[in-house]
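What follows is each chain in one-letter form.
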Amino acid sequence: MKELVKEHMVLKGFEPAFHLRETEVAIFHLKRFFEQQLAERLHLTHVSTPLFVKAGTGINDNLNGEEQPVTFSARSIPEVAIEIVHSLAKWKRMALARYGCEPHTGLYTIMQAIRKDEELDNLHSIYVDQWDWEQVILKSERTIATLQQVVTDIYEVLKDTELYAATLLPNYITELPKEISFITSQELEDQYPNLSGKEREDVIAKEKGAVFIMQIGHALKSGVKHDGRSPDYDDWQLNGDIIVWNPILERAFEVSSMGIRVDETALLDQLKIAGCEEREQLLFHQAVLQGKLPYSIGGGIGQSRVCMLLLRKAHIGEVQASVWPTEMEKEFSSADIHFL
């Protein structure tokens, strides 16, 4: 039985299912398969993606509002500061308009980002890689039903990719449940009022195997948010996280954060709640308020998260090349867990 040493999150006695070369080959094939299936299921076109954007436009993702982007100046563009992206949540919606995407079609990118303020552990790195996707919907489709259907489609892609992994790797056992369950963050708090948000996720993920926790951003009845969300891309009534149970780490494992994007009313309401009303004058926010951007649904799906889950890895460093504290690398190496 593996022992979890929480301060370092090292699994003593853990034996990696696949070693470095097998892992790299599998990562390549799994990413390609997942990407193709996602594009077909959601009718998405691959487009080029920026690594950085102009500061002060409101295009970069503010995440929880506390994280600071990596910022630099370019010698040939002295008039603006430039930011490494945190994600492309807002950029994609603007790209839908530029590319002239029709309802029920959209785009996806291979997003690479730096989140220098990230707290590092088994699941979190300062390097972020994900499939960032966005699809045009009609205003009348800004509903829970639309959200749940798209979540189901993405979960089917994840399941298909797990089945594909079984064709690539010897002695592979599939573990994802047949269907994904749905619950709101308030329903979850009502069921487990004495647990924290993360503890509730562990309980519901273990019970269901796969669950979409909806409506994240508002304070709950307790006065505490289930989790933080930037106020200016997801509609907090129409968003959520895809979470599965990770049997290696024995905890909830977030694969995707996604949602139906804000309309004019939701944007103003959420900016006011968050105390960020000054953002109304930024480029992106004005485009939403003036009706210049299509209504949409979108999200990010962690590439390293998907590979970590399907390849039964104990640390995200086993499926991506990043920089880690020396002590962390030593601890994991001593447990036969080797980073790329």
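Residues numbered from 1 in each chain as written. Predicted model: local features only at pLDDT ≥ 70, side-chain atom pairs only at ≥ 80, totals over all residues. Heavy atoms only, no water.

## Describing the overall build of the protein
Thought 1: In terms of regular secondary structure, the protein is built from nine helices and 13 strands.
Thought 2: Against the 2.2 N^0.38 benchmark of 20 Å for 340 residues, the protein shows a C-alpha radius of gyration of 20 Å, consistent with a compact globule.
Thought 3: Each of the three principal axes of the protein carries a C-alpha extent, and together these read 55 × 55 × 40 Å.
Thought 4: The long-range share in the protein, meaning contacts at least 24 apart out of those at least 6 apart in sequence, stands at 73%.
Thought 5: For the protein, the exposed surface amounts to about 15600 Å²; the carbon and sulfur share of it is 51%. (Helix = DSSP H or I, 4+ residues; strand = E, 2+ residues; numbered from the N terminus. Rg over C-alpha atoms; globule rule 2.2 N^0.38 Å. Contact = heavy atoms within 4.5 Å. Areas by Shrake-Rupley, 256 points an atom, 1.4 Å probe, with all protein chains shown as cover.)

## Focus on the packing of helix α1 (residues 20-42) against helix α3 (residues 144-168)
Thought 1: It is the contact of α1 with α3, at a shortest axis distance of 9 Å, that shows an interaxial angle of 150 degrees. It follows from the interaxial angle that α1 and α3 lie roughly antiparallel. Considering the relative orientation of α1 and α3, their crossing is right-handed. For the pair formed by α1 and α3, the contact residues are His29, Leu30, Phe33, Phe34, Gln37, Leu38, Arg41 and Leu42 on the first element and Val150, Asp153, Ile154, Glu156, Val157, Leu158, Asp160, Thr161, Tyr164, Ala165 and Leu168 on the second.
Thought 2: Taken together, the residues of the contact of α1 with α3 sort by class into twelve nonpolar, three polar and four charged. (Axes fitted to C-alpha atoms, helices over the stretch in contact; angles between N-to-C directions. Parallel < 35°, antiparallel > 145°, perpendicular 65-115°, else oblique. Left-handed = near helix turned anticlockwise from the far one by under 90°. Nonpolar A, V, L, I, M, F, W, Y, C, P; charged D, E, K, R; others polar.)

## Comments concerning the pairing of strand β5 (residues 71-74)
Thought 1: Two elements, β5 and strand β6 (residues 77-84), share three bridges in a ladder whose sense is antiparallel. Bridge pairing links Ala74 to Ile77 in β6.
Thought 2: The turn joining β5 and β6, which pair antiparallel and follow one another in sequence, is formed by two residues. (Pairing = 2+ DSSP bridges.)

## Brief notes about unusual backbone geometry
Thought 1: Located in the positive-phi region is His43, a residue other than glycine, with phi close to 60 degrees.
Thought 2: Considering the arrangement of structural elements, one finds His43 in the loop between α1 and β3 (44-46).
Thought 3: The phi dihedral of Gln215 falls on the positive side, at around 65 degrees, and the residue is not glycine.
Thought 4: Its place among the elements puts Gln215 in the loop between β10 (210-214) and β11 (234-246).

## Details of the side chain of Ser322
Thought 1: Tracing the chain through its elements places Ser322 in the loop between α8 (303-310) and α9 (326-334).
Thought 2: A polar contact of 3.0 Å, which involves the side chain of Ser322, links it to the side chain of Ser125.
Thought 3: Ser322 has contacts with Ser125, Ile126 and Tyr127, leaving out every residue within four places of it along the chain. (Polar contact = N/O pair within 3.5 Å; in protein donor to acceptor, adjacent residues only side chain to side chain.)

## Side note on the environment of Asp190
Thought 1: Within the secondary structure layout, Asp190 lies in helix α4 (residues 185-191).
Thought 2: Under the relative-accessibility criterion, Asp190 is labelled partly exposed at 44%.
Thought 3: Once the C-alpha coordinates of Asp190 and Ala145 are considered, the two residues, 45 residues apart in sequence, prove to be 22 Å apart. (Buried < 20%, exposed > 50% of the residue type's maximum accessible area, 1.4 Å probe, protein only.)

## Some points on the environment of Glu175
Thought 1: Along the chain, the position of Glu175 falls in the loop between α3 and β9 (181-184).
Thought 2: Each C-alpha atom, one on Glu175 and one on Leu163, is 9.7 Å from the other, the two residues being twelve residues apart in sequence.
Thought 3: Beyond its immediate sequence surroundings of up to four residues, Glu175 is in contact with Glu162, Pro247 and Arg312.

## Section: the sheet that holds strand β4 (residues 52-54)
Thought 1: With respect to topology, three strands assemble into an open sheet ordered β4-β6-β5, the strand pairing being antiparallel. Strand pairing shows two members of the sheet lacking a second neighbour, β4 and β5, which therefore form its edges. Within the sheet, the average angular offset between the axes of one strand and its neighbour, ignoring direction, is 40 degrees.
Thought 2: Strand direction decides the pairing type here: β4 and β6, joined by three bridges, are antiparallel. Following the sheet pairing, Phe52 is matched in β6 by Ile84.

## Structural notes on the pattern of salt bridges
Thought 1: In the structure shown here, the tally under the stated rule is 21 salt bridges.
Thought 2: Residues Asp160 and Arg41 are paired through a salt bridge, measuring 3.4 Å at the closest nitrogen-oxygen approach. Of this pair, Asp160 sits in helix α3 while Arg41 sits in helix α1, and the two are 119 residues apart along the sequence.
Thought 3: Overall, Arg41 belongs to the partly exposed group, its relative accessible area being 29%.
Thought 4: For Asp232, the salt bridge is made with Arg279, and the minimal N-O distance between the two is 2.8 Å. Of the two residues, Asp232 is situated in the loop between β10 and β11 and Arg279 in the loop between α6 (264-274) and α7 (283-289); the sequence distance between them amounts to 47 residues.
Thought 5: When its relative accessible area of 12% is taken as the criterion, Arg279 is described as buried. (Salt bridge = Lys/Arg side-chain N within 4 Å of Asp/Glu carboxyl O.)

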